[in-house]
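Observations on chain architecture
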Amino acid sequence: MSKAIFIEPLDVLLFRDAKPFTGGEDHLARSVFPPPPSTVYAAIRSHLLSQRFGRFEAFNDSTDVPPDLTEEIGSPARFGSLELRRLLVARKGEPVDSPQHATSVELLYPMPNDVAVVKGTEHYVLLKPADQFPVRTNLPPGLRPLWLAKDVHLEAATGWLTEKGMQRYLEDEAHSPDSFFAPGEVIAGDQVGKLIFTREERTGIARDRARRSVREGLLYSVEYLRLKPGVGFFVEIEGTKLLPDFGTLALGGDRRPAHYRPAQVSVLRLEKIKQRIEERRRFKLVLTTPALFSHGWRPKWIEERTLEGSRGNVRVKLVAVALGKPVGIGGFDLVKQHPKPVHRLVPAGSAYFFELLEGDAIAALEAFHEKSVSENLETFPETAKQGFGYSVIGAW
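Described in the following lines is the structure provided in the data block. (Residues numbered from 1 in each chain as written. Predicted model: local features only at pLDDT ≥ 70, side-chain atom pairs only at ≥ 80, totals over all residues. Heavy atoms only, no water.)

Examining the overall build of the protein
A tally of helices and strands in the protein yields 7 helices and 26 strands. Relative to its length of 396 residues, the protein is compact, with a C-alpha radius of gyration of 22 Å against a globular reference of 21 Å. Expressed as lengths along the three principal axes of its C-alpha atoms, the size of the protein is roughly 70 × 50 × 50 Å. A fraction of 70% describes how many contacts in the protein between residues 6 or more apart in sequence connect residues 24 or more apart. For the protein, the exposed area adds up to about 20500 Å²; of that, 48% sits on carbon and sulfur atoms. Of the charged side chains in the protein, 53 are positive and 51 negative; the average position of the first set lies 2 Å away from that of the second. (Helix = DSSP H or I, 4+ residues; strand = E, 2+ residues; numbered from the N terminus. Rg over C-alpha atoms; globule rule 2.2 N^0.38 Å. Contact = heavy atoms within 4.5 Å. Areas by Shrake-Rupley, 256 points an atom, 1.4 Å probe, with all protein chains shown as cover. Lys, Arg positive; Asp, Glu negative; His and termini not counted. Charge placed at Lys NZ, Arg CZ, Asp CG, Glu CD.)

Shown next, in the form of structure tokens:
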């Protein structure tokens, strides 16, 4: 059973990065935004356990757990049917009439890495794979550099795309010759702090409870996130019948409270995207959540020498990539009581440019659009089930 919910925090949030934070050695814990999908998946899984069973020690021992709950959340050693399909930052939209009392939300997408901004302006451009490039690079053989055929100074774009901005981006439909996006379709710079979230640093010191005094050398700071009113997370989940429609769950570090309720969102229109992919015989895949690949940045189904591969009913050739800095994803294993291994993932916003060798636009959409392309490792299983590697495709 599929459910769409909107999670809205009731307090500041803490989503620690993967860097060490050991007492007496490290003094600053920074937060990442948005959180890794595994954080939200674990929060929902724990919420189900708390609501339907509540005996955490018995769950760790896999004793007396109701069978229907085990079927959904699994056990400490394996995952159940619960699956996180989509995780996106969202903000409340206009109220809608819905029999489920669903909240209408607008999705916000991480800025794709093939978007750049003209230095000193708010004019955005899209970089495209260069057909001919007379400069030697250190790119792997067969990959083409991204290029803009204009004599302007560019900077990497950061921020978020609104739903209208993402629709325009995937359709490859420029607003004007000067700027690809229309006003209001990009949230960047100071607007992020005004419209989405701000960071708050709080300082503390460890205490010696026996002596009722502070512990020397254990001063620390923690960075929290304060989301703006009406801003939260849209989550689409499958494989659960037990999750209540409304509730309050503990989210992130310090188990801060967040309320959730049914959500309603608009869908991306595919007609023009499909038409342009069919005409041009090429498409790009954009990650909206981080993805784990067995070969670093390259999916295992892409052959290293030819950069060709098959997925579903299509065969493609990888011609260019726009990658962000790898993100470290780790965590803490509550059952084993030790940190999980840290893995380097391809970040959200990374774009892969493909030429379509076999198959059509419909087959490409079926293979990649709104699907997970993340892969599994022995030390990091079921990444797709936890929400990693969610992708959308567009024209280029």
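Here's the deal with the packing of aromatic side chains
Taken as a whole and assessed by the stated rule, the structure comprises 15 aromatic pairs. Relative to phenylalanine 233, the ring of phenylalanine 15 has its centre 6.2 Å away and its plane inclined at 75 degrees; by these criteria the two rings are edge-to-face. On the criterion of sequence distance, the pair formed by phenylalanine 15 in the loop between strand 1 (3-9) and strand 2 (28-29) and phenylalanine 233 in strand 14 (residues 231-238) is long-range, its members being 218 residues apart. The exposure class of phenylalanine 233 is buried, given its relative accessible area of 1%. Judged by centre distance (6.0 Å) and plane angle (25 degrees), the ring pair of tryptophan 301 and phenylalanine 354 falls under stacked. Separated by 53 residues along the polypeptide, tryptophan 301 in the loop between strand 17 (282-287) and strand 18 (308-311) and phenylalanine 354 in strand 24 (residues 351-358) bring together distant segments of the chain. As far as the burial class goes, tryptophan 301 and phenylalanine 354 line up, both buried. Taking NZ or CZ as reference, arginine 282 lies 4.2 Å from the ring centre of tryptophan 396, over its face. (Phe/Tyr/Trp six-rings, centres within 6.5 Å; stacked < 30°, edge-to-face > 60°. Buried < 20%, exposed > 50% of the residue type's maximum accessible area, 1.4 Å probe, protein only. Lys NZ or Arg CZ within 6 Å of the ring centre and 35° of its normal.)

Points about the layout of surface pockets
Put simply, the second largest pocket is a space of about 400 Å³. Surrounding the second largest pocket, 20 residues form its lining, Glu122, Tyr124, Val186, Ala188 and Gln191 being those nearest its centre. Ranked by residue count, the leading element in the lining of the second largest pocket is helix 5 (residues 190-195), at 3 residues. Taken together, the residues that form the lining of the second largest pocket break down as 11 nonpolar, 6 polar and 3 charged. (1 Å grid on protein atoms, 1.4 Å probe; cavity = no way out; pocket = protein on both sides within 12 Å on 5 of 7 lines; lining within 4 Å. Points joined across faces, edges and corners; volume = space filled by probe spheres on them. Nonpolar A, V, L, I, M, F, W, Y, C, P; charged D, E, K, R; others polar.)

Comments concerning the side chain of serine 374
Here serine 374 is to be found in the loop between strand 25 (371-372) and strand 26 (390-394). Overall, serine 374 belongs to the buried group, its relative accessible area being 11%. A polar contact of 2.9 Å, which involves the side chain of serine 374, links it to the side chain of threonine 383. Dropping the residues within four chain positions of it, serine 374 is found in contact with Ala291, Leu292, Thr383, Phe388 and Gly389. (Polar contact = N/O pair within 3.5 Å; in protein donor to acceptor, adjacent residues only side chain to side chain.)

With respect to the nonpolar core
Core analysis: the biggest nonpolar cluster contains 66 residues, and Tyr124, Tyr169, Phe181, Phe283, Phe354 and Phe368 have the highest contact counts within it. No other element matches the 7 residues that strand 19 (residues 314-322) contributes to this core. When sequence neighbours within four positions are dropped, the list of residues in contact with tyrosine 124 reads Met111, Val115, Ala116, Val117, Ala157, Asp178, Ser179, Phe180, Phe181, Val186 and Ala188. Judged by nonpolar contacts, the second largest core, of 39 residues, contains Phe33, Leu82, Val231 and Tyr260. (Core = buried A, V, L, I, M, F, W, Y, C linked by side-chain atoms within 4.5 Å.)

Considering the packing of helix 6 (residues 271-280) against helix 7 (residues 361-368)
At their nearest, the axes of helix 6 and helix 7 sit 8 Å apart, and the two run at 120 degrees to each other. Considering their axes alone, helix 6 and helix 7 lie oblique with respect to each other. Across from Lys274, Ile277 and Glu278 in helix 6, the residues of helix 7 making contact are Ala361, Ile362 and Leu365. Among the residues making up the contact of helix 6 with helix 7, the classes are represented as 4 nonpolar, no polar and 2 charged. (Axes fitted to C-alpha atoms, helices over the stretch in contact; angles between N-to-C directions. Parallel < 35°, antiparallel > 145°, perpendicular 65-115°, else oblique.)

Any functional reading would require information that these geometric values do not contain.
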